[in-house]
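# Understanding the architecture of this molecule
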Amino acid sequence: MINIFEYQDYRQYLKDKYNERKKHEPKLSYRKLAQKVGFSSAGFFTNIISGKRGISQKIALKFTEFFGMKIKEREYFKLLVLANQAKKQTQKKHYLDLALTLKRIKFKLKDVDSHQFYNQWYYTA
């Protein structure tokens with residue numbers, strides 16, 4: 001299963017996601033993808049993943065719908081697209097920083113003793 005939060009390049013994500021879906025739907029083609037997403041040429045997807053063409057936010061939204069992304073995944077994908085299209089390095093960094101905040105941070109309390117230890121700040125100091 002492909003996890004979008006492991007990507008910083010939306011083009012690589014689209015390529016990998018397409019290939020994953022193609023394994024489950026052998027009849028899926030660039031032409032069918034083009035029809036579902038709403039562009040006229042099957043070669044348009046090839047141009048996107050090769051870096052020859054960019055995508056608008058409207059097309060990005062259609063990709064998120066096609067691949068069935070959840071809300072956080074959609075927002076993350078949108079930010080990756082914005083970061084890629086940013087002209088200035090500061091803008092690109094801003095969008096990537098926002099994208100990083102959407103990543104899931106997992107933590108789990110191991111046991112009661114750990115909880116008691118970390119309950120007071122001065123125990124670790």
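Scroll up to find the structure this text is about.
All values reported here derive from a predicted model rather than from experimental measurement.

This part covers the environment of Leu80. One can find Leu80 in helix α5 (residues 71-85). Under the relative-accessibility criterion, Leu80 is labelled buried at 2%. Sequence separation between Leu80 and Leu98 is 18 residues; the distance between their C-alpha atoms is 9.5 Å.

Among the structural elements, Glu73 can be located in helix α5. Of the residues examined, Glu73 reaches a relative accessible area of 17% and is grouped as buried. Separated by 2.7 Å, the side chain of Glu73 and the backbone nitrogen of Lys70 make a polar contact.

Attention shifts here to the pattern of salt bridges. Within the structure shown, the criterion is met by four salt bridges. In this structure, Glu20 and Lys17 form a salt bridge, with 3.5 Å as the shortest nitrogen-oxygen distance. One end of the pair, Glu20, and the other, Lys17, are both in helix α1 (residues 10-24), three residues apart, so they sit about a helical turn from each other. Both residues of the pair, Glu20 and Lys17, belong to the buried class. Across the salt bridge formed by Lys93 and Asp97, the nearest N and O atoms sit 2.8 Å from each other. Taken together, the positions of Lys93 and Asp97, both in helix α6 (residues 89-102) and four residues apart, correspond to about one turn of that helix. Judged by its relative accessible area of 34%, Asp97 falls in the partly exposed class.

Let's shift gears to α5. Along its 15 residues, α5 runs 21 Å from first to last C-alpha, staying within 8% of the 21 Å computed at 1.5 Å per residue. Looking at α5, one finds that the buried residues are Glu73, Tyr76, Phe77, Leu79, Leu80, Val81 and Ala83. Residues of α5 that are buried make contact with α1, α4 (57-66) and α6.

It is worth spelling out the packing of aromatic side chains at this point. Within this structure, the stated rule accounts for twelve aromatic pairs. Considering the side-chain rings of Tyr30 and Phe45, the 5.1 Å spacing of their centres and the 65° angle between planes classify their relative orientation as edge-to-face. Taken together, the positions of Tyr30 in helix α2 (residues 30-37) and Phe45 in helix α3 (residues 43-50) put the pair 15 residues apart, joining distant regions of the chain. You can call Tyr30 partly exposed: its relative accessible area is 27%. Each residue in the set Tyr18, Tyr30, Phe39, Phe44, Phe45, Phe63, Phe66 and Phe67 is aromatic and connected to the rest through ring pairs, giving one cluster.

Conventions used here
Residues numbered from 1 in each chain as written. Predicted model: local features only at pLDDT ≥ 70, side-chain atom pairs only at ≥ 80, totals over all residues. Heavy atoms only, no water. Helix = DSSP H or I, 4+ residues; strand = E, 2+ residues; numbered from the N terminus. Buried < 20%, exposed > 50% of the residue type's maximum accessible area, 1.4 Å probe, protein only. Polar contact = N/O pair within 3.5 Å; in protein donor to acceptor, adjacent residues only side chain to side chain. Salt bridge = Lys/Arg side-chain N within 4 Å of Asp/Glu carboxyl O. Expected span 1.5 Å × (residues − 1). Contact = heavy atoms within 4.5 Å. Phe/Tyr/Trp six-rings, centres within 6.5 Å; stacked < 30°, edge-to-face > 60°.

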